[in-house]
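Listed here are the chains, written in short residue letters.
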Amino acid sequence: VIASFTLGSLLLATLLILITYGLGRSTLMRQRQDSSRDQFFANALQIQEQLRGEGPDFASLLLSLPRVAGSESIVRLRSSPHRPPDWNSPSVDSRTIPAIFIGSVLEAADARRMRFSNADGEPQLAFGLRLQPSTASELQEVAYFEIIPLKEINDTLRSLAIILLLAAVLTVLLGAGLGVWAGGRLLQPLGEIGAAARSISKGHWDTRVDGVDDPDLNGIVRSFNEMAASMQERIARDARFASDVSHELRSPLMTIRASVEVMQHRRDELSERSRQALQLLSDDIDRFEQMVQDLLDISRSDSGSMESIPLNIVDLVVNTVSDFGEDGITVAVDPAATDSIVLGDKRRLHQVVANLLTNASKYAQGATSVKVEDHGDCVRVVVEDAGPGVSPSERTLVFERFTRGAAARRRGSGDGTGLGLALVDEHVRRHGGSSWVNARPDGESGAHFVVELPKAGRR
Ligand code: ADP
């Protein structure tokens, strides 16, 4: 906005300067030319009159002629073609008139005009006319010249150019100022809308933009708020549906689970084939229950309110690892990250770390290292294992819902729902962070999961 206002005013100012200067210059020149020409003809007439008389006295006549704007008069006389011409002038040197102009005047029947620069480089305007000497006189050739200096006009034009240039600079500055003002007015609500959109994309569905005074912009703000409200409503409806379905599935599942357990107690009475079938059923029920639980978690994550309290991330990771109950893992803490505070929801962050630890024990023999690293505005929680790792082509896919990777297929479809990492990603994203998986930086086989969270106050 600022650039376009500045550019616009620059273009406009340049155009105005060119037009004003061009018009001013041509008007001034024309005026000077017109007034000089009138004077020139009046003076030429007087000289012509003098020529009719006997023994014309050019010297005193030239002195008595009126002068317009510093004009100089010269009479060129020649009595015979073999003698050099006489120049009569009170002040001007005949050499100032260009020879080419003298030639053209002598050849022409009417008056001639020419612009030239004198020895000092100053612009001059010259008029010339061949006169008729009386037959009685011995004069063969008479010509009258007038030279009008244009320096004064040039000075005026220069002053005009300076004034115009100053006016242009002022106009451009004014344009830029207007741009800053209009840009600020226009961009401030747009900036607020942008911030609101970012906040919504982080999962703060209830973010809205305050109204502004401008009726044009108020329409945009209102539409944005309506869009955010309908999106929030829709997300809540979808999440409610998923949560209702999961709830509804829970009681029949419990019944099936109880029946299977009864049958498990009577395993010995069953045939081998029935025992196998019972085992398959029992495994699938485990998976089913896990899936229902994960679905409930995801629907809560989508719709549920999120706490935003200051948490010491190192404490949280250490507690989760010790709750997980796996021996031999110590949390390595970057000294700079020791007191890192993250604004967030304890339960969700706990689940994030727990899911990574669960996967490490599912797909490898447990995590080999858990680290908390400082990265300026962010802290990273890194969980590494010595399992098969995640191949590059699967590294983004595994964070999607119901997506299971090669490591899971290798283990068979017995456990896992493909929702664990999706939950990790969604929780982390609602904290304004991001999560990803890489190969281990030390080159060993294994997965290197990273969760990056913004520190409090830096969001
Ligand atoms: P699930 O474990 O139920 O399949 P997740 O969303 O937790 O679902 O994981 C998705 C996929 O990512 C897994 O199926 C597996 O292929 C891959 N994966 C997750 N953690 C690891 C790990 N530590 N090592 C190797 N592969 C992993």
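Here, the structure is the one placed above.
Rules of the game
- Residues numbered from 1 in each chain as written.
- Predicted model: local features only at pLDDT ≥ 70, side-chain atom pairs only at ≥ 80, totals over all residues.
- Heavy atoms only, no water.
- Pairing = 2+ DSSP bridges.
- Helix = DSSP H or I, 4+ residues; strand = E, 2+ residues; numbered from the N terminus.
- Axes fitted to C-alpha atoms, helices over the stretch in contact; angles between N-to-C directions.
- Contact = heavy atoms within 4.5 Å.
- Near = heavy atom within 4 Å.
- Polar contact = N/O pair within 3.5 Å; in protein donor to acceptor, adjacent residues only side chain to side chain.
- Areas by Shrake-Rupley, 256 points an atom, 1.4 Å probe, with all protein chains shown as cover.
- Nonpolar A, V, L, I, M, F, W, Y, C, P; charged D, E, K, R; others polar.
- Salt bridge = Lys/Arg side-chain N within 4 Å of Asp/Glu carboxyl O.
- Buried < 20%, exposed > 50% of the residue type's maximum accessible area, 1.4 Å probe, protein only.

Q: Looking at this structure, how should I read the sheet that holds strand β3 (residues 112-117)?
A: Backbone hydrogen bonds are what pair the strands of a sheet, in a parallel or an antiparallel way. Taken in spatial order, the 5 strands of this open sheet run β2-β1-β5-β4-β3, and their pairing is antiparallel. In this open sheet, the two edge strands, each paired with only one partner strand, are β2 (86-88) and β3. Going across the sheet, the axis of each strand differs from the next one's by a mean of 25°, ignoring polarity.

Q: What's the story with the environment of Val342 in this structure? I'm lost.
A: Relative to the elements of secondary structure, Val342 occurs in strand β8 (residues 341-344). On a C-alpha basis, the gap between Val342 and Arg275 in space is 51 Å, while along the polypeptide they are 67 residues apart. In contact with Val342, other than residues within four places in its own chain, are Ile309, Pro310, Leu311, Ile313, Leu349, Val379, Leu453, Pro454 and Ala456.

Q: I keep staring at the site of the ligand and nothing clicks. Help me out?
A: Every one of the 21 residues lining the ligand counts as a neighbour, but Tyr363, Asp385, Arg404, Thr417 and Leu421 are closest to it. Between the ligand and Thr417 there is a distance of 2.7 Å, counted from an oxygen atom to a backbone nitrogen or oxygen. With respect to the ligand, the backbone of Gly418 contributes an N or O atom lying 2.9 Å from an oxygen atom. Isolated, the ligand exposes 530 Å² of accessible area, and the fraction of that covered by the protein chains is 98%. Classifying every residue of the shell around the ligand by side-chain character gives 10 nonpolar, 8 polar and 3 charged.

Q: Quick question: what am I supposed to make of the pattern of salt bridges here?
A: Side-chain pairs of opposite charge can arise where the charged atoms are in close proximity. Applying the stated criterion to the full structure yields 18 salt bridges. The shortest N-O distance in the salt bridge between Asp425 and Arg429 comes to 2.6 Å. Taken together, the positions of Asp425 and Arg429, both in helix α10 (residues 420-430) and 4 residues apart, correspond to about one turn of that helix. Classification of Asp425 as buried rests on a relative accessible area of 12%. Residue classification places Arg429 among the partly exposed residues on the basis of a relative accessible area of 46%. Beyond isolated ion pairs, a larger network of salt bridges with shared partners links Arg76, Arg78 and Glu141.

Q: Looking at this structure, how should I read the environment of Gly22?
A: Relative to the assigned elements, Gly22 resides in helix α1 (residues 2-52). Its relative accessible area of 35% is what places Gly22 among the partly exposed residues. Taking the C-alpha atoms as reference points, Gly22 and Leu311, 289 residues apart in sequence, are found 73 Å from one another.

Purely geometric numbers; function is a separate question.
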